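# Examining the three-dimensional arrangement
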Amino acid sequence: MTDLVLKSATLPDGRVADISITDGVITHIGSSGPAGQVIDCRGRLCVPAAIDVHVHMRDGPQAAKEDWATGTQAAVAGGVAAVVDQPNTVPPMETVENFTARVQRAKEESFCHYAVNGSVTESADLPGLYRAGALAFGEMFAAPSSYGSALTPEVIRSALTTLARQGALTTVHAEEVKPGEVHTLAGHAAARPVSGEAATVDLVNSLAPAGARLHYCHMSGTASIARVMMRPGNTFEVAPHHLFLSWEEHDCADTRFRMNPPLRTKAERMDLWRMFAAIPVIASDHAPHTNPEKAQDFASAPSGVPGVETMLPLLMNEVFLGRISLAAVLEKTVTRPYRIFGLTAPAVAVGSRADLAVYADMPVKISAESLHSKCGWTPYEGMNGLFPETTIVGGTAVWYRGEFAKGRPLWLAGSGKS
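No experiment lies behind these values; they were computed from the predicted model shown.

### Overview of the overall build of the protein chain
When helices and strands are counted, the protein chain shows twelve helices and 19 strands. At 20 Å, the protein chain has a C-alpha radius of gyration in line with the 22 Å of a compact globule built from 418 residues. For the protein chain, the spread of C-alpha atoms along the principal axes amounts to about 65 × 50 × 40 Å. Scored against the burial criterion, the 418 residues of the protein chain give a buried share of 61%. In the protein chain, once contacts between residues fewer than 6 apart in sequence are set aside, the share between residues at least 24 apart is 71%.

Right under this line is the structure:
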């Protein structure tokens, strides 16, 4: 008997059909037979669930901000079935021992599929981390950020040479930071300008050997994106906060909107939307901090915002309003990121891994009270989001009727896993 049937679901191509799932795989699309569980999806859109290739799941000594359980619950409640954890953790992912312990922690606690990146630092064991299963390396800090120190050009060149020999993907945090304290959102944006982001892209491009695979994280301006695209084979991502928020539209002293790279002007934000078709990947840069941490004076407050649960709802609301296409959202949150990171993307197709999201028919106001990140707040308070009612991960309804269930999430190890 079939394990699970999604009854009368609307498929991405507009057809209405039952989706039958057994042993974590879609086995039939059409009329269904008996099943252990049947979920009525009448009038609901069913699409492949997303991967978020840029999250900071904290945990360990930083568990007050987020842990693997709460962070991945937030992910699945937002239509995300897989996350890629960044390595600027405490302790950092510089050693095989630390890496293995973090993968084990994710295996025990995660509600969705998970991957862990390896650190790129002067002391990181790059070959060992590659063999241990790091999906990619970085974000590599070409400028300082929260829990990440800037690397020298010599270290960057050496690391990129080693990683190119391994065929590994390197993800890059590209910024140029002017000296001095900042006390407002405008000052923060001026201290980390788009021109500096572009200059750092040029620097990293110049240090990379011909075979290096570079993916630039959270690009915040069209000028720096143009520099990324000058090197063949480069890819990049844009974060939702740079598409949906600008410093001009908020209290300039509000530390909740402090992040790296900073929010830009509304004009720069709209420029990103104008080039939306050329953006290969949307990734949240989910970087939660607690309310007390964010309540410090501006110069002391940490940079970073939560976003894994709201990334897809914000984009799907744009689809609902007819401003962007469903195909574009699926390309940038499913197809392209999976391909760039060397993984097989799920699909609404027989034989595919059953990672699916079933969306509500109407958007709602985003409210921190209804979200699941441990940090307890959101920069998108009051904005509209179209949320999934059900998220299937590996054939299990891990988010259904407002409740979570533990499935059997996969470790998405890199190709070097020995």
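More follows now that the structure is in view.
### Focus: helix α6 (residues 194–207)
The end-to-end C-alpha distance of α6 is 20 Å, a good match for the 20 Å that 14 residues give at a rise of 1.5 Å each. Those residues of α6 that are buried lie in contact with β9 (137–141), α4 (153–166), β10 (169–173), β11 (213–216), α7 (222–228) and α9 (266–274).

### Structural notes on the nonpolar core
Buried together is how nonpolar side chains tend to be arranged in soluble globular proteins. Judged by nonpolar contacts, the single largest core of 109 residues is most densely connected at Val 83, Phe 137, Tyr 216, Phe 236 and Phe 276. Sorting elements by how many residues they give to this core places helix α12 (residues 326–340) first, with seven residues. For Phe 276, the residues in contact, after removing those within four places along its chain, are Leu 243, Ile 282, Leu 315, Ile 324, Ala 328 and Lys 332. In terms of nonpolar packing, the next biggest core, distinct from the first, is built from 19 residues, Ala 9, Val 348, Ala 354 and Tyr 400 among them.

### A look at the sheet that holds β10
As summarised here, the arrangement of the five strands in space is β9-β10-β11-β12-β13, forming an open sheet in which the pairing is parallel. Among the strands making up the open sheet, the edge pair consists of β9 and β13 (281–282). Bridge analysis of β9 against β10 gives three bridges, and the strand direction is parallel. Its bridge partner lying in β10, Phe 141 is registered against His 173.

### Some remarks on the side chain of Ser 220
Structurally, Ser 220 is set in the loop between β11 and α7. Classification of Ser 220 by relative accessible area gives buried; the value is 0%. Polar contacts involving the side chain of Ser 220 include one to the side chain of Arg 264, which spans 3.0 Å. Discounting residues that sit within four places of it in the chain, Ser 220 has contacts with Val 194, Glu 197, His 242, Pro 261, Pro 262, Arg 264 and Leu 272.

### Brief notes about the pattern of salt bridges
Any two side chains of opposite charge can pair, on the condition that their charged atoms come close. Per the stated rule, a full pass over the model turns up 18 salt bridges. Ionic pairing is found between Asp 59 and Arg 105, a salt bridge with its closest N-O pair at 3.0 Å. Linking Asp 59 in the loop between β6 (50–55) and α1 (68–77) with Arg 105 in helix α2 (residues 96–109), this pair joins segments that are 46 residues apart in sequence. Looking at Asp 59, the relative accessible area reads 5%, which means it is buried. Several salt bridges share partner residues, and in doing so they unite Arg 44, Asp 361 and Glu 389 into one network.

### What about the packing of helix α11 (residues 311–320) against α12?
Helix-helix packing is described using two parameters, namely the angle between the two axes and the distance between the axes. Here α11 crosses α12 at 155°, and the two axes come no closer than 9 Å. In terms of orientation, α11 and α12 fall into the roughly antiparallel class. Judged by the twist between their axes, the crossing of α11 over α12 is right-handed. Residues Leu 312, Leu 315, Met 316 and Val 319 of α11 lie in contact with α12, whose contacting residues are Leu 326, Val 329 and Thr 333. Taken together, the residues of the contact of α11 with α12 sort by class into six nonpolar, one polar and no charged.

### Comments concerning the environment of Tyr 216
Its place among the elements puts Tyr 216 in strand β11. Separated by 46 residues in sequence, Tyr 216 and Thr 170 place their C-alpha atoms 8.4 Å apart. If we ignore the near neighbours within four places in the chain, the residues touching Tyr 216 are Val 172, Ala 174, Val 201, Val 204, Asn 205, Val 228, Asn 234, Thr 235, Phe 236 and Glu 237. At 3.4 Å, the side chain of Tyr 216 forms a polar contact with the backbone oxygen of Val 201.

### A closer look at the sheet that holds strand β7 (residues 80–85)
An order of β6-β7-β8 is seen for the three strands of this open sheet, with the pairing classed as parallel. Edge positions in the sheet fall to β6 and β8 (113–116), since each has one partner strand and no second. Strand-to-strand twist of the sheet, defined as the mean angle between neighbouring strand axes without regard to direction, takes the value 20°. Of the pairings in the sheet, the one linking β6 to β7 comprises four bridges and is parallel in character. Residue pairing across strands places Ile 51 opposite Ala 82, the latter belonging to β7.

### With respect to the pairing of strand β17 (residues 388–393)
Here β17 lies mainly inside the structure; five of its six residues are buried. With four bridges connecting them, strand β14 (residues 356–359) and β17 associate as antiparallel partners. By the bridge assignment, Ala 357 is partnered in β17 with Thr 391. The turn linking β17 back onto strand β18 (residues 396–400) is made up of two residues, and Gly 394 within it adopts a positive phi angle of 60°.

Rules of the game
Residues numbered from 1 in each chain as written. Predicted model: local features only at pLDDT ≥ 70, side-chain atom pairs only at ≥ 80, totals over all residues. Heavy atoms only, no water. Helix = DSSP H or I, 4+ residues; strand = E, 2+ residues; numbered from the N terminus. Rg over C-alpha atoms; globule rule 2.2 N^0.38 Å. Buried < 20%, exposed > 50% of the residue type's maximum accessible area, 1.4 Å probe, protein only. Contact = heavy atoms within 4.5 Å. Expected span 1.5 Å × (residues − 1). Core = buried A, V, L, I, M, F, W, Y, C linked by side-chain atoms within 4.5 Å. Pairing = 2+ DSSP bridges. Polar contact = N/O pair within 3.5 Å; in protein donor to acceptor, adjacent residues only side chain to side chain. Salt bridge = Lys/Arg side-chain N within 4 Å of Asp/Glu carboxyl O. Axes fitted to C-alpha atoms, helices over the stretch in contact; angles between N-to-C directions. Parallel < 35°, antiparallel > 145°, perpendicular 65-115°, else oblique. Left-handed = near helix turned anticlockwise from the far one by under 90°. Nonpolar A, V, L, I, M, F, W, Y, C, P; charged D, E, K, R; others polar.

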